[in-house]
Amino acid sequence: MSSLPLSTLDLVCLLMDSPERPLDFAVFLDFKGDPGAEALERGARSARNLYASTRCGVVDGCWVPLEPAASEPAIRAVRREECVGDVERFIKTPFRLVQEPPVRQLWVSDARTGGGSLMTRIHHCAADLLSGLAWIRHQLRVAAGVDEECTEPREIAVPTIADPPPGAKRNPGWACCDPLWTRAGELSGDRCWTTFSVEAGPLLEISRATAGFTFNDVLAVAALDTLHEWNRVHGARRRKVGIWLPVNTRRDPFSGFGNASSRIRVRRVYSEGSCLADKCRAVRFQVDRARERGEWVVPQRTVLSRLPLRFGAPLVRRYLNRPWADMGTAAFSHVQRWPGYGDPVFDGLTGLGVLGAMHRRHALMIVAVTRPDRTWLTITYDPALLSRGDIDRIRDLYAGMIAAARREV
């Protein structure tokens, strides 16, 4: 397996990583059964070979294969009753991408329940959430004996990005959204999270053909209204609220492994008295317009990205942090169709969470994953800006809005 330059999106995630806002994410899966640490190790080794960038290090902007000993899956197994501090260290320990793979795992077994938690942490320069879920799915299928183990490294196969329309523009000319109300404080490198679930119920039956909007639009409206209400109760109701929403830019929705999720901006432009359907259609209109105009466009490798990193990195960071680029009030993601959505290897799940990678302009982000009739949501937040009590209230606001949407539908 030869070395390969990082794609534009991979490179952005590498360069924008910082101690204040680490650009990695983690997937937490709670199982009612124990797949076994050895089986998980075998599956992880196979996933590293199948998705070969995850057995590489990053040197001068390229994926470079690591020596076999260094590329062995870094999965640790601990017992829940003995794991005080292990999870915190697992989340906080920075990646050393020059000398270790961009994926690490922790299996926490629970003797009391007979189950456990599989925690998978992935640096964003290696994968987006869709690719991360594909990696875990393969691991679990090999661990369960459903798929054969991949014993030799494959060639790196990155996603093929769709062609944008003519004249596509990444940042349309409009004023930036306002920030979320927070407590006084400075950005920290700490990330805390809370995970909860809501019953999707009749919301899953909504179709664009009949209603003019989708379940994803309902969840986006709930996020916009939650952010607006949070600002309102803290005396900042005039702040313009928007979300940074991901768009899958792959030509084939699940092909290739790596980063292919760009983002668009969706604003709360509807009136206070609008009904749910009108709010959702207002969101759908913005999403469709952004897609058609190519706001999601991902540039090919630019002159700056071809410079040696020590010269190009400061310029790229300055460009990506330009103050007039609108990143919304907070990031929101929902994955409804994903690799393994209906796979039996996920049937034993009792909980699902995603610790997000926040932008430095955001105090929190919300990630939602649906399977099969329940949506699991994780709020990731900076504890230097928002307290756990704040997040509990934001969680309750969001859950209440979904409950109201179910009644209105």
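Residues numbered from 1 in each chain as written. Predicted model: local features only at pLDDT ≥ 70, side-chain atom pairs only at ≥ 80, totals over all residues. Heavy atoms only, no water.

K.L.:
Break down the overall build of the protein for me, citing the residues and quoting the values.
P.N.:
From N to C terminus, the protein includes ten helices and 14 strands. In terms of overall dimensions, the protein is globule-like: its C-alpha atoms have a radius of gyration of 21 Å, near the 22 Å expected for 409 residues. In the protein, buried positions account for 54% of the 409 residues. Relative to all contacts within the protein whose residues are 6 or more apart in sequence, the contacts with residues 24 or more apart total 79%. With the model as given, the accessible surface of the protein reaches about 18,200 Å², and the carbon-plus-sulfur share is 52%. (Helix = DSSP H or I, 4+ residues; strand = E, 2+ residues; numbered from the N terminus. Rg over C-alpha atoms; globule rule 2.2 N^0.38 Å. Buried < 20%, exposed > 50% of the residue type's maximum accessible area, 1.4 Å probe, protein only. Contact = heavy atoms within 4.5 Å. Areas by Shrake-Rupley, 256 points an atom, 1.4 Å probe, with all protein chains shown as cover.)

K.L.:
Lay out the environment of Ala 52 in plain terms, naming residues and giving numbers.
P.N.:
For Ala 52, the position within the fold is in the loop between α2 (37–50) and β3 (56–59). Separated by 205 residues in sequence, Ala 52 and Phe 257 have C-alpha atoms that sit 9.1 Å apart.

K.L.:
Tell me about the pairing of strand β7 (residues 115–123), residues and numbers included.
P.N.:
Most of β7 sits inside the fold, with nine of its nine residues counted as buried. Across the two faces of β7 the burial is the same, with Gly 115, Ser 117, Met 119, Arg 121 and His 123 and Gly 116, Leu 118, Thr 120 and Ile 122 all buried. Sheet topology note: the strand β2 (residues 24–31)/β7 ladder contains eight bridges and is antiparallel. Bridge pairing in β7 links Ala 26 to Arg 121. Once strand β6 (residues 103–110) ends, the chain turns through four residues before running back antiparallel as β7, passing Gly 114 with a positive phi of about 80°. (Pairing = 2+ DSSP bridges.)

K.L.:
Go over the side chain of Thr 54, please, and point to the residues and values.
P.N.:
Secondary-structure assignment places Thr 54 in the loop between α2 and β3. The exposure class assigned to Thr 54 is buried, which follows from its relative accessible area of 0%. Polar side-chain contacts of Thr 54 include one of 2.7 Å to the backbone oxygen of Tyr 51. (Polar contact = N/O pair within 3.5 Å; in protein donor to acceptor, adjacent residues only side chain to side chain.)

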